There are 2 protein chains.
Amino acid sequence: MDEFQCIEKFFKKNGFPVNSLLSNRFFVGVGDDASVFRLDKNFPIVVTTDMLAEGVHFSSEIDPFSLGKKVLAVNLSDLAAMGACPLGFTLGLGLNTLNPSWLLAFSRGLFEVSRKYKCELLGGDTIKHKSNYNFFSVTAIGYIEGERALRRNGMKLGDDIWVSGDLGEPITALQLQKESKKLIQPLPKVDLGLKIREFATSSIDLSDGLSSDLRHLILASFSGNSDKIFVELYFEEMLKCLSQNMLNWFAGKKDNLDLVMLALQSGDEYELCFSAPVDARTKIREIGKNLNLPLTLIGSVRKRSSEKNFNFVNNRNDGLLWLKSLTNTFDNIFVEKSGYVHF
Amino acid sequence: MDEFQCIEKFFKKNGFPVNSLLSNRFFVGVGDDASVFRLDKNFPIVVTTDMLAEGVHFSSEIDPFSLGKKVLAVNLSDLAAMGACPLGFTLGLGLNTLNPSWLLAFSRGLFEVSRKYKCELLGGDTIKHKSNYNFFSVTAIGYIEGERALRRNGMKLGDDIWVSGDLGEPITALQLQKESKKLIQPLPKVDLGLKIREFATSSIDLSDGLSSDLRHLILASFSGNSDKIFVELYFEEMLKCLSQNMLNWFAGKKDNLDLVMLALQSGDEYELCFSAPVDARTKIREIGKNLNLPLTLIGSVRKRSSEKNFNFVNNRNDGLLWLKSLTNTFDNIFVEKSGYVHF
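Only a predicted model underlies this, so the values are computations on that prediction, with no experimental measurement involved. (Residues numbered from 1 in each chain as written. Chains lettered and ligands numbered in written order. Predicted model: local features only at pLDDT ≥ 70, side-chain atom pairs only at ≥ 80, totals over all residues.)

**Q** Explanation requested: the overall build of chain A in the structure shown.
**A** The number of helices and strands found in chain A is 11 helices and 12 strands. What you see for chain A is a C-alpha radius of gyration of 21 Å, in line with the 20 Å of a compact globule of 343 residues. Over its C-alpha atoms, taken along the principal directions, chain A stretches across nearly 65 × 45 × 35 Å. Relative to its full complement of 343 residues, chain A shows a buried share of 51%. Sequence separation of 24 or more characterises 83% of the internal contacts of chain A that already satisfy a separation of 6 or more. (Helix = DSSP H or I, 4+ residues; strand = E, 2+ residues; numbered from the N terminus. Rg over C-alpha atoms; globule rule 2.2 N^0.38 Å. Buried ≥ 20, exposed ≤ 12 C-beta atoms within 10 Å, placed from the backbone. Contact = placed C-beta atoms within 7 Å.)

**Q** Is there a simple way to explain the packing of helix α1 (residues 3-11) of chain B against helix α3 (residues 100-116) of chain B in this structure?
**A** Each pair of packed helices gets described by two things: the angle between the helix axes and the distance between those axes. Residue and element names in this part refer to chain B. Where α1 meets α3, the closest approach of the two axes is 10 Å, and the angle between their N-to-C directions is 45 degrees. For the element pair α1 / α3, the angle class is oblique. Crossing of α1 over α3 shows right-handed handedness. In contact with Cys6, Phe10 and Phe11 of α1, α3 contributes Leu103, Leu104 and Ser107. Here the residues of the contact of α1 with α3 are counted per class, giving five nonpolar, one polar and no charged. (Axes fitted to C-alpha atoms, helices over the stretch in contact; angles between N-to-C directions. Parallel < 35°, antiparallel > 145°, perpendicular 65-115°, else oblique. Left-handed = near helix turned anticlockwise from the far one by under 90°. Nonpolar A, V, L, I, M, F, W, Y, C, P; charged D, E, K, R; others polar.)

**Q** Sorry, what's going on with the confidence of the model for chain A here?
**A** Parts of the model with low pLDDT should not have their predicted coordinates read in detail. Here chain A averages 89 in pLDDT, while 92% of its residues score no lower than 70. Overall fold confidence for the complex sits at a pTM of 0.91, while the interface term, ipTM, reaches 0.89. (pLDDT = per-residue confidence, 0-100.)

**Q** Please clarify how the relation of the copies chain A and chain B should be interpreted in this entry.
**A** Between the two copies of the chain lies a rotation about an axis combined with a shift along it. For these two chains of identical sequence, chain A goes onto chain B by a turn of 180 degrees and a shift of 0.0 Å along the axis, with RMSD 0.0 Å. Such a combination of turn and shift is consistent with a two-fold rotation axis. With an isologous cut-off of 70% or more, the 100% of interface residues of chain A that recur at the interface of chain B puts this contact in the isologous class. (Least-squares fit on C-alpha atoms with pLDDT ≥ 70 in both.)

**Q** So what exactly am I meant to see when it comes to the interface of chain A and chain B here?
**A** Put simply, an interface is often sized by how much accessible area is lost when its parts join up. On the chain B side, the residues contacting the 56 residues of chain A number 57 residues. Considered class by class, the residues forming the side of chain A that touches chain B number 27 nonpolar, 16 polar and 13 charged. Judged from the three bridges that link them, strand β1 (residues 35-37) of chain A and strand β2 (residues 45-53) of chain B form a sheet pairing that is antiparallel. Directly across from phenylalanine 37 of chain A, in β2 of chain B, lies its bridge partner isoleucine 45 of chain B. (Pairing = 2+ DSSP bridges.)

**Q** I keep staring at the pairing of strand β10 (residues 295-303) of chain A and nothing clicks. Help me out?
**A** Look at any regular strand and the pattern is simple: side chains alternate between the two faces of the sheet. Residues and elements named next belong to chain A. Two strands pair when backbone bridges link them, and strand β6 (residues 160-164) and β10 are joined in this way by five bridges, in the antiparallel orientation. Residue pairing in the sheet places isoleucine 161 in a bridge with glycine 299 of β10. Strand direction decides the pairing type here: strand β8 (residues 229-234) and β10, joined by five bridges, are antiparallel. Each bridged residue has a counterpart across the sheet, and for phenylalanine 230 the counterpart in β10 is arginine 302.

**Q** Honestly, the packing of helix α2 (residues 64-81) of chain A against helix α3 (residues 100-116) of chain A in this entry has me stumped. Any pointers?
**A** Residues and elements named next belong to chain A. Running from amino to carboxyl end, α2 crosses α3 at an angle of 40 degrees, the nearest separation of the two axes being 6 Å. Between α2 and α3, the angle falls in the class oblique. Crossing handedness for the pair α2 and α3: right-handed. Every residue of α3 that contacts α2 at Pro64, Phe65, Ser66, Leu67, Gly68, Lys69, Val71, Leu72 and Ala73 is listed here: Trp102, Ala105, Phe106, Ser107, Arg108, Gly109, Leu110, Glu112, Val113 and Ser114. Here the contact of α2 with α3 is composed, by residue class, of 11 nonpolar, five polar and three charged.

**Q** Honestly, the sheet that holds strand β11 (residues 321-324) of chain B in this entry has me stumped. Any pointers?
**A** Strands pair in a sheet through their backbones, by hydrogen bonds, and they do so in one of two ways: parallel or antiparallel. Residues and elements named next belong to chain B. Reading across from one edge, β7-β9-β6-β10-β8-β11-β12 is the order of the seven strands in this open sheet, with mixed pairing throughout. One side of each edge strand has no neighbouring strand; the edge strands of this open sheet are β7 (202-205) and β12 (333-334). Contacts from helix α11 (residues 281-291) reach β6 (160-164), β9 (272-276) and β10 (295-303) within the one sheet, and its direction differs from that of β10 by about 155 degrees.

**Q** Honestly, the sheet that holds strand β3 (residues 85-95) of chain A in this entry has me stumped. Any pointers?
**A** The strand order across the open sheet formed by five strands is β4(A)-β3(A)-β5(A)-β2(A)-β1(B), and the pairing between neighbours is mixed. Every other strand in the sheet has two partners, leaving β4 (120-128) of chain A together with β1 (35-37) of chain B as the edge strands with one partner each. Averaged over all neighbouring strand pairs, the angle between strand axes comes to 15 degrees, with direction disregarded.

**Q** Would you mind going over the nonpolar core with me for this structure?
**A** Ranked by size, the top nonpolar core spans 184 residues in total, and within it Val46 of chain A together with Val46 of chain B carry the most contacts. Setting aside residues no more than four positions away along its own chain, valine 46 of chain B makes contact with Ala34 and Val36 of chain A together with Leu79, Met82, Ala84, Ile141, Gly142, Tyr143, Ile144 and Ala149 of chain B. (Core = buried A, V, L, I, M, F, W, Y, C linked by C-beta atoms within 7 Å.)

**Q** What am I meant to see in the environment of leucine 39 of chain A here?
**A** Residues and elements named next belong to chain A. As for its placement among the helices and strands, leucine 39 is situated in the loop between β1 and β2 (45-53). The class of leucine 39 is partly exposed, set by 19 C-beta atoms lying within 10 Å. Leucine 39 sits 18 residues away from leucine 21 along the chain, and the two C-alpha atoms are 6.0 Å apart. Not counting the four nearest positions on each side in its chain, leucine 39 is found in contact with Leu21 and Tyr143.

**Q** Looking at this structure, how should I read helix α10 (residues 256-264) of chain B?
**A** An α-helix turns once every 3.6 residues. As a result, residues three or four positions apart point the same way. Residues and elements named next belong to chain B. By the burial criterion, the buried members of α10 are Leu259, Val260, Ala263 and Leu264. The arc that holds the buried residues of α10, viewed along the axis, is 140 degrees, so those residues lie on one side. On its buried face, α10 sits against α7 (210-221), α8 (235-241), α9 (244-249) and β11. (Arc of directions from axis to C-beta.)

**Q** Looking at this model, I keep getting lost on unusual backbone geometry. Mind explaining?
**A** Note: most peptide bonds trans; most residues except glycine with negative phi. All names here are of chain A. Within the chain, glutamine 177 stands out as a residue other than glycine whose phi angle is a positive 50 degrees. Tracing the chain through its elements places glutamine 177 in the loop between α4 (169-176) and α5 (181-184). A residue is classified by how many C-beta atoms lie within 10 Å of it, and glutamine 177, with 6 of them, is exposed. Non-glycine residue asparagine 292 carries a positive phi angle of around 55 degrees. Here asparagine 292 is to be found in the loop between α11 (281-291) and β10.

**Q** Can you walk me through α2 of chain A in this structure?
**A** Residue and element names in this part refer to chain A. Between the first and last C-alpha of α2 there are 26 Å, a value that for 18 residues agrees with the 26 Å anticipated at 1.5 Å per step. Across the 18 residues that make up α2, a large majority, 15, are buried. Of the residues flanking the end of α2, it is glycine 83, one or two places downstream, whose phi is positive at about 75 degrees. (Expected span 1.5 Å × (residues − 1).)

**Q** I'm lost on the pairing of strand β5 (residues 135-143) of chain B in this one. Help?
**A** Residue and element names in this part refer to chain B. Buried residues dominate β5, accounting for nine of its nine residues. Here β5 shows a buried face lined by Phe135, Ser137, Thr139, Ile141 and Tyr143 and a second buried face lined by Phe136, Val138, Ala140 and Gly142. Relative to β5, β2 is paired through nine bridges, and the arrangement is antiparallel. Within the sheet, the bridge partner assigned to valine 47 lies in β5 and is isoleucine 141.

**Q** Would you explain the environment of asparagine 245 of chain B in this entry?
**A** All names here are of chain B. With respect to the helices, strands and loops of the structure, asparagine 245 is situated in helix α9. Along the sequence, asparagine 245 and proline 170 sit 75 residues apart, while their C-alpha atoms lie 9.7 Å from each other. When sequence neighbours within four positions are dropped, the list of residues in contact with asparagine 245 reads Glu169, Thr172 and Ser180.

Dropping the structure here:
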């Protein structure tokens with residue numbers, strides 16, 4: 001089998017595109033030098049690229065069906081964080097061999113996610129490389145149904161901090177070598193992104209870990225003035241976010257504070273963390289109910305004072321993120337950066 | 001240096017985008033979960049992805065400045081083949097280390113091509129991988145200033161076959177280990193694509209080699225009926241396309257027929273091969289003159305008869321591509337597929 005037979009057999013579809021915004025006479029999909037589409041309305045367009053390397057972003061043990069789902073899902077998660085509606089994607093495959101049964105399972109997983117989120121395969125590139133580790137590059141394209149994208153940089157003093165779903169399963173599964181559906185088949189929170197787009201002040205998807213990703217929101221929102229504010233996370237609310245699997249797997253072996261600290265470092269969650277004004281609380285709880293998705297108010301953006309804890313700000317401690325016990329079980333605790341470190 | 005410092009230092013720019021179609025209040029560039037733009041007019045949008053792996057698509061010896069130029073140029077070449085105007089791109093970097101001096105030179109090369117073709121860096125992803133070989137993935141986005149993209153599938157019986165520039169330098173440089181500017185810093189034929197968009201019947205950029213890429217045009221245009229036609233290439237016109245460096249490097253060592261056969265297999269040319277009606281000849285020669293770019297009429301699309309040569313059609317010989325001597329120096333010669341084989 002050569003590259004072209006591979007595309008023809010596993011990635012070229014005939015018939016209508018899955019996204020009706022693309023179904024017009026301009027549509028050119030897989031099989032030309034590039035793909036062509038035109039939107040019926042002149043929406044703002046959103047573009048994101050995520051790469052995944054074997055042994056880094058996924059284990060060599062992952063089954064190809066799950067991998068096909070994951071490479072697209074992690075990109076849809078970025079569209080979700082922008083409040084964008086999926087439109088299409090290009091797929092870059094860096095493989096050391098073309099194995100038909102592997103490709104069949106991979107493409108089935110890929111198209112399952114493609115159909116679910118109406119995100120059309122537009123084209124791509126398949127290359128043979130010299131490494132033992134495969135790699136994938138997906139560029140997803142979406143659009144904003146309105147005037148305003150959900151950015152990282154709009155967080156305001158006094159805003160609430162929210163997180164979707166539960167936290168901690170991926171990092172626990174990696175540490176204890178447990179099987180985790182969330183780790184191999186993450187669910188992008190596309191519907192949530194669409195629902196909160198108009199009123200949330202900032203948003204990010206959790207790929208590196210909450211402690212790291214939330215810092216991106218703070219630094220993007222208060223660039224130059226981040227020494228004036230901090231985010232207080234509520235320990236007792238964070239407890240409610242811990243994944244049931246994490247609690248079961250660690251039962252009796254870690255105390256609650258350790259579990260929360262670990263969940264704060266857990267990457268590959270693909271949940272959304274967002275900030276919103278206090279007066280949006282009722283609306284947000286309603287959205288969570290309608291989507292059948294837990295949304296937890298885990299903290300708030302506070303003004304930094306000269307309280308004792310801030311005296312310890314140093315290289316290890318940027319003073320941006322603190323864990324507070326609402327029941328005074330412990331004094332405020334600084335949350336370290338860590339999270340997934342790329343290099 | 002971590003991933004974020006790398007992006008901040010080498011890839012994030014401040015100020016206006018280089019493409020004025022993007023300079024409006026919707027523009028979000030590098031540094032968020034995704035980039036956002038809106039086009040002032042509702043043009044059809046064109047998307048293409050090309051991956052490059054070290055040791056396969058470029059030598060480990062290549063300097064980072066040239067590599068930065070090449071990763072974007074090969075994608076612009078796909079936009080050129082579609083008759084599209086460049087708009088922006090996302091950049092995927094798969095690196096085993098973040099070396100500041102390497103990144104500086106790479107980003108300088110990249111932005112030189114970005115500015116020249118007004119193709120804005122929109123975002124991307126930087127990952128560390130476990131392989132010894134670096135890899136890159138670029139997705140370029142363009143638009144069609146009109147109603148019609150230049151496809152692979154419109155070639156008609158009787159059309160002329162044209163090729164831009166010269167052929168043969170890359171394959172010769174690889175065989176004889178010579179230095180070739182074309183191999184490391186290819187020039188995408190964006191202006192040519194824009195000029196021929198409205199009247200050319202099909203077009204492709206030469207990445208695998210003319211004998212292979214031209215077959216893609218034939219098969220896309222005459223799917224199911226490709227046994228009714230063939231493309232006749234004119235030996236004496238092909239001679240005019242041979243690169244001067246190829247002629248010098250091989251002087252006295254190969255005869256003209258060998259050189260033409262080799263040039264037909266030469267990948268990494270990033271010239272355009274296109275078909276056009278006979279009555280467009282004057283217009284095409286004028287375009288070449290204006291762009292200061294040689295355009296050579298190398299063949300035509302002919303009806304297949306039961307002439308002797310076609311009796312030999314077999315696995316090795318699909319009968320699609322023949323070399324004819326206009327001066328009867330030799331009988332018609334079948335041109336084999338080969339070209340660059342990916343797997």
